[in-house]
Amino acid sequence: MQAMYLMVAAVVGMQQPIVPRSVGPALAQAQDAFDALDALDALDGLDALDALDALGTRDVGALQDEQDPTDSLWRAARRAFNRGDYASAAKLYGELTRRYPDATRAGDAVYWAAFALYKNDDLDRARGLLVTQQERYPKAATLRDGDALLARIQSALAKQGDEDAGRWISEHAQPPQPPQPPQTPRTPRPAGAHSCPDEDDEDDVRVAALNGLLQMDATNALPILKKVIAKRDACSAGLRRKAVFIVSQKHGGETEDILLDVARHDPDSEVRQQAVFWLSQVGSDRAVTALDSILRSATDPELQDKAIFSLSQINNGRAAQILRDYAANERAPGEAREKAIFWLGQQGSPENAAFLRSLYAKLTEEDLKEKVIFSLSQMGGADNGRWLMNIALNEREPVEMRKKALFWVGQTGGSLDQLTGLYDRMQNQEMKEQLIFVYSQRHEAAALDQLIRIAKTEQNKELRKKAIFWLGQSDDPRAAQVLLEIINP
């Protein structure tokens, strides 16, 4: 350290400005010594190179002429922080606040000192500094960042069993109380408008506190979350939605009870939807029963959608049967039935495939029939492929359904031999046009051969034009040759 003092003193000596002749040598030397010692005392603990950086070798006379006396310490602290030397950074930021408690940067220095301590896992001291910032520097530019960092630190300490931190989390995770109604009449608000306190900064802290509960075990976190969820005012709906998600990530015995209660009783539809959605993570018999009840009794279409999705995600034979029963229920809303059919198709079980094939014949609504065709096409399998081909060939079926079945046969890898042999058997022009499109979407040589044959020999002018159009979209040299032959017979 003595060597560093000598080196820095030498540099300081070289950088001193020229002293006016009217000032005696002794006064100039004394000023030099005081400046050098003052800087060295602040930089104790840094290596020589960092100390030189902090003293600011950039300008002659920097020590005497700087407008902001905190500049050297601030830059030294920043360098230490940026290179990951958090212990030195915390010390330098702290020194800045100690020496210049009323400086513009003092409040921000407290934050950065706390952040450095946090990065160095010195959580208790970091917490103390952030509380100091709140009390002494309420106008600091980093105050809001400090609040969020304090929430993160309190969460980490609570996870370690710190009782004060646990109480802080419990208190700050609570949603704000709605304002009391005015005692004197005022201009009425528009219908549906809510009067919520304007506490954006506070909400940021509450959200951070709620997120901190993700780190805590279920035993400590769930009582706090229950208090948040117990609120029923409109102003706390956003926080309740976040709380529902956090509850769903806990695997304590109360998780199911909390989600079921929210799904049934929360006044906010989005909060209820979140609870229904996350019941899919529980998957118990009680959850399946509750979802069945919600699906059958709910009047909110979005809530029904969430219940259908959640049932589809539960690997449970009873959940699948509920969806099958709902899809077959003629009294249920059509859009909800469509979604049930869709999710049955995504499961891909033989029971669901057999059910959908039999359901198709009982349906009268085209939208539902189309959804069955799509779902079976997504399942794949020989049985479903044959069923789709039979629909395409069945002249008693509506043309639109036949075309969709044929399209999906082509898209899902149906036998090209069957498809190429089908053209001459088809009598309906719309079906022939659909077949031409199906050939155009296949990459096998036989599909191109069929397009070439139609383009050359088809008697129906419109069908020939369709085949020629799709040949024009092909990169195959044979297609180009055929087009040239048609242009120049």
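Residues numbered from 1 in each chain as written. Predicted model: local features only at pLDDT ≥ 70, side-chain atom pairs only at ≥ 80, totals over all residues. Heavy atoms only, no water.

A.B. asks: Would you take a moment to explain the confidence of the model for the protein for this structure?
C.D. replies: Per-residue pLDDT for the protein has a mean of 78; in total, 79% of the residues score no lower than 70. Looking across the protein, the model is least confident in helix α1 (residues 2-15), with a mean pLDDT of 35, and most confident in helix α20 (residues 350-360), with 95. Below a pLDDT of 50 lies the segment residues 1-66, which in the model reaches 72 contacts outside its immediate sequence neighbourhood of four places, other chains included. Low pLDDT, under 50, characterises residues 198-202; the stretch is placed with four contacts to residues that sit more than four places away or in other chains. (pLDDT = per-residue confidence, 0-100. Helix = DSSP H or I, 4+ residues; strand = E, 2+ residues; numbered from the N terminus. Contact = heavy atoms within 4.5 Å.)

A.B. asks: I keep staring at helix α25 (residues 429-441) and nothing clicks. Help me out?
C.D. replies: Given 3.6 residues per turn, any residue in an α-helix points the same way as the ones three and four places further on. Between its terminal C-alpha atoms α25 stretches 19 Å, which fits the 18 Å expected from 13 residues at 1.5 Å a residue. Taken together, the buried positions of α25 are Met431, Lys432, Gln434, Leu435, Ile436, Val438, Tyr439 and Ser440. Buried positions along α25 lie against α22 (382-393), α23 (399-411), α24 (416-422), α26 (445-457) and α27 (461-472). Its side-chain oxygen placed 2.8 Å from the backbone nitrogen of Glu430, Asn428 serves as the N-cap of α25. (Expected span 1.5 Å × (residues − 1). Buried < 20%, exposed > 50% of the residue type's maximum accessible area, 1.4 Å probe, protein only. Polar contact = N/O pair within 3.5 Å; in protein donor to acceptor, adjacent residues only side chain to side chain.)

A.B. asks: Help me understand helix α18 (residues 317-328) in this model?
C.D. replies: The end-to-end C-alpha distance of α18 is 17 Å, a good match for the 16 Å that twelve residues give at a rise of 1.5 Å each. Inspection of α18 places Ala319, Ala320, Ile322, Leu323, Arg324, Tyr326 and Ala327 among the buried residues, and these make up the whole buried set. Buried residues in α18 make contact with α16 (285-297), α17 (301-313), α19 (334-347) and α20. Near the N-terminus of α18, the side chain that reaches the backbone nitrogen of Arg318, with its oxygen 2.7 Å away, is that of Asn316.

A.B. asks: I keep staring at the nonpolar core and nothing clicks. Help me out?
C.D. replies: Most often, soluble globular proteins have nonpolar side chains that are buried together. Of all hydrophobic cores here, the largest spans 125 residues; its most connected members are Leu213, Leu225, Leu356, Val372 and Leu419. Counting residues per element, this core draws most heavily on helix α7 (residues 106-119), at eight residues. (Core = buried A, V, L, I, M, F, W, Y, C linked by side-chain atoms within 4.5 Å.)

A.B. asks: When you look at the packing of helix α15 (residues 269-278) against α17 in this model, what are you seeing that I'm missing?
C.D. replies: The angle between the axes and the distance between the axes are what describe a pair of packed helices. Between α15 and α17, whose axes approach to 8 Å, the crossing angle comes to 10°. One finds that α15 runs roughly parallel with respect to α17. On α17, the residues touching Arg272, Gln273, Val276 and Phe277 of α15 are Glu302, Leu303, Lys306, Ala307, Phe309 and Ser310. Residue classes in the contact of α15 with α17 are distributed as five nonpolar, two polar and three charged. (Axes fitted to C-alpha atoms, helices over the stretch in contact; angles between N-to-C directions. Parallel < 35°, antiparallel > 145°, perpendicular 65-115°, else oblique. Nonpolar A, V, L, I, M, F, W, Y, C, P; charged D, E, K, R; others polar.)

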